[in-house]
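Residue-level structural notes
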Amino acid sequence: MIEAALSAPPSDSPLRRVSDVLVRRRGLLLALLLTPPLLWLGIIYLGALFALLAQSVFSIDEFSGTVVYQPTLKTYAELFSPANLDIIIRTIAVSTVVTLLAVIVAFPIAYYAARYARGGMKALFYVAVMMPLWSSYLVKVYAWKLLLAKEGAVGWFMQAAGLSGALDAWLSTPIVGGPSLSVSYTGMVLVFLYLWTPFMVLPVQAALERVPVTLIQASGDLGAKPSQTFCHVILPLAAPGVVAGSIFTFSLTLGDYIVPQIVGPSSLILGQVVYTQQGTAGNIPLAAAFSVAPVIIMGVFLTIAKRTGAFDAL
Amino acid sequence: MSEELDLHSAPRVGSETFQRLASMPLRSTSEAATSAVSFRGVERHFGAVKAVDGVDLDIRPGEFFAMLGPSGSGKTTCLRLIGGFDQPTAGSIEIFGEAVEGVPVYRRPVNTVFQDYALFPHMNVLENVCYGLMIRGMDRAERRRLGVEALQLVKLVGLEVRKPGELSGGQRQRVALARALVLRPKVLLLDEPLGALDLKLREAMQGELRTLQHSLGLTFVLVTHDQGEALSMADRVAVFNHGRVVQVGTPEEIYERPKSRFVADFVGGSNVIEPALVKAWIGVERAASVRPEKIALIEADAPAPADFIVLDGRVAQVLYHGAVSRIELVTAEAGRLFLTIPSTVAPPQQGEAARISFSRDAVHFMEPE
């Protein structure tokens, strides 16, 4: 009975024939599986992005305030007016500082998690890094505004620790300072740093996890002190993770328009400008041109990263 | 044959530079010491597990020393203790007369060829080989010259700018070897270096390693679970079991005169004869071993020659190995016995009755347990 069932050829059901075709024609299977996500990615992400960017080659009629649908580079030229250039440079500076600080804060955490944490400690690490992401972004930003305010917890703590002199000295420093932390660039950078650190920790940790222990041992075996091993082996191999994390922190800061509205000085940064240009000002072409700036900046950043060999270990 | 010639000429080129390298002040140890590496009562515990349980060893300068044993026998832990990747729980280790307790891995006069080669994936072949020289602050031109020489030594010239990912297993192994040898270590540690290679390459590398070791005059310490590798390459072999060294000797001693059942069985699969039976044959009540190749098949009605022991049995299995066949025979007297016969002799069929004989001299007494 069983033997008869086993020796009989498999039934030739339509479903079976479909699966036979799919097994034989791998390309078809791949196409079927990839079409929905590619459509999603192509239309929703890239399509929308290009539709926006396409607006940047148009200009706005200064009297009527309507968009003139004639290709021109006039809008791009506007980006280089002193006021706008100032915004771009300021934004790049803030993003760069946030990214550098994120690397400095995230690397030791990621290193500990990748090299030393095991079992329960590792679970705790993931929870600790991800937990800030579970609560509302706005709540966190407003919470920081209160913490950083003149009468806020940070000021109180500094006073209790007898460091209010240092805080005042910092606040009276040009550029980074201001009337209080919550309306200074220092405050803005701190909030960005708080928000984006998880996005730096996770990729760096993933990259460090992939560095085999034997490579570190081999480096020591060949005479390298731990600091030399760090510079010549661990850091280069973690570089793709650092770059991935930097893309997150850099581009998230470039595009953010809520944090600078709530915390920091009154001067605008890029995200806010895009927001006001296409919202209140109704200048879609200029908003689009401003949106091209981060794309170009990221392109330059990645090119530099590639030149320095950050992707060699991939 | 031409490869063989290459081998003899190549190391000579390297060795004069190596001597200069060895005179660099970075790694100076006393030369007067008698042992390259010595273990005194070394133990390494991992929780309740004693991975190394009281090991005493003396590895002589310039010898090719193999640490042989099954997995979990403590041989690799011992190698890691020499390299400095791990610290002993008890006992002391000296390298050329200097106690290495607390000496970090980067200050030990030893280098390691890792089991997985551990080549730096972001550096090319030459950069990998020159890594140790770069760390020592040698200038670029000089280290490049030494690196190329080391690559000549392992016959990898022309692959300098390849990345490890673009190399075959055998080539990676050679890079790892060159990277360690370029530093002219006092002791070279090899952790199952040939395990990942196919048979033909492995045999070729065995010969090359042996030749390299001889021409450079370095102390090599090899860890392996492959008894054939240990016997063919090493000057002396230490057999490990359960964290202890159960026998140290030349390959011949280990193979021909195993001290214990474990060594007899692990090295070459000897037949172990129980004391009672040995007493019946020879009159001495001690456990003994008989090598499979010392046992011959004889005609069923053949008379027993003087001083020969004759047994009758039934063939349980015949395994064809190419050059030899391995026959498992069940005898009434001695139980299960293995013998190997050359393939030039027609093997018996499974289930057939067979008569075997071996000389009394082939019966090797083992130490009482």
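In this text, all values refer to a predicted model and were calculated from it rather than measured experimentally.

1. Considerations on the overall build of chain A
Broken down by element type, chain A carries 15 helices and two strands. Computed over C-alpha atoms, the radius of gyration of chain A comes to 26 Å, more than 25% over the 20 Å expected from 2.2 N^0.38 for 314 residues, which places it beyond the range of a compact globule. When its C-alpha atoms are laid out on the principal axes, chain A stretches across 90 × 65 × 40 Å. Long-range contacts, defined here as pairs at least 24 residues apart, represent 70% of the contacts in chain A between residues at least 6 apart.

2. Comments concerning the domain arrangement of chain B
Here chain B is described as being made up of domain 1 (2-260) and domain 2 (270-365). For domain 1 of chain B versus domain 2 of chain B, the separation of C-alpha centres amounts to 40 Å.

3. With respect to helix α15 (residues 284-307) of chain A
All names here are of chain A. Look at α15: 35 Å from first C-alpha to last across 24 residues, which is about the 34 Å you get at 1.5 Å a residue. Considered for burial, the residues of α15 that qualify are P285, L286, A287, A288, A289, F290, S291, A293, P294 and F301. Residue G309 follows α15 closely and has a positive phi angle near 85°.

4. Some thoughts on the sheet that holds strand β5 (residues 98-99) of chain B
Residue and element names in this part refer to chain B. What the four strands build is an open sheet, ordered β2-β1-β4-β5; its pairing is antiparallel. Two strands lie at the open edges of the sheet, namely β2 (49-59) and β5, each paired on one side alone. Inspection of the sheet shows strand β1 (residues 37-46) paired to β2 by eight bridges, in the antiparallel sense. Each residue of the ladder has a partner; that of F46, found in β2, is V49.

5. Things to note about the nonpolar core
Ranked by internal contacts, the top residues of the largest apolar core, which has 157 residues, are V204 of chain A together with M67, I82, A178, V221 and L222 of chain B. If you tally residues by element for this core, the top one is helix α10 (residues 185-209) of chain A, at 16 residues. Two domains each put at least three residues into this core: domain 1 (2-260) and domain 2 (270-365) of chain B. Beyond its immediate stretch of four places on either side in the chain, V221 of chain B contacts V37, I59, F65, M67, L79, I82, V187, L189 and L190 of chain B.

6. Here we look at the interface of chain A and chain B
Tallying the contact residues gives 17 residues for chain A and 18 residues for chain B. For the side of chain A that touches chain B, the elements supplying multiple residues, two or more each, are α11 (213-221) and α12 (226-255) of chain A. Considering each element in turn, the side of chain A that touches chain B owes the most residues, six residues, to α11 of chain A. For the side of chain A that touches chain B, the class distribution of residues is nine nonpolar, five polar and three charged.

7. A closer look at the confidence of the model for chain A
Per-chain confidence: chain A averages 88 in pLDDT, with 97% of residues scoring 70 or above. Least confident of the elements in chain A is helix α1 (residues 2-7) of chain A, whose mean pLDDT is 72; most confident is α11 of chain A, at 95.

8. As for unusual backbone geometry
Residues and elements named next belong to chain B. With a phi close to 50°, A118 is a non-glycine residue in the positive phi region. Looking at the secondary structure, you find A118 in the loop between β6 (110-113) and α3 (125-135). For A118, a count of 25 C-beta atoms within 10 Å corresponds to the buried category. Even without being glycine, K155 reaches a positive phi, approximately 60°. Relative to the assigned elements, K155 resides in the loop between α4 (140-153) and α5 (169-181).

Cut-offs applied
Residues numbered from 1 in each chain as written. Chains lettered and ligands numbered in written order. Predicted model: local features only at pLDDT ≥ 70, side-chain atom pairs only at ≥ 80, totals over all residues. Helix = DSSP H or I, 4+ residues; strand = E, 2+ residues; numbered from the N terminus. Rg over C-alpha atoms; globule rule 2.2 N^0.38 Å. Contact = placed C-beta atoms within 7 Å. Domains from an automatic or database assignment. Expected span 1.5 Å × (residues − 1). Buried ≥ 20, exposed ≤ 12 C-beta atoms within 10 Å, placed from the backbone. Pairing = 2+ DSSP bridges. Core = buried A, V, L, I, M, F, W, Y, C linked by C-beta atoms within 7 Å. Nonpolar A, V, L, I, M, F, W, Y, C, P; charged D, E, K, R; others polar. pLDDT = per-residue confidence, 0-100.

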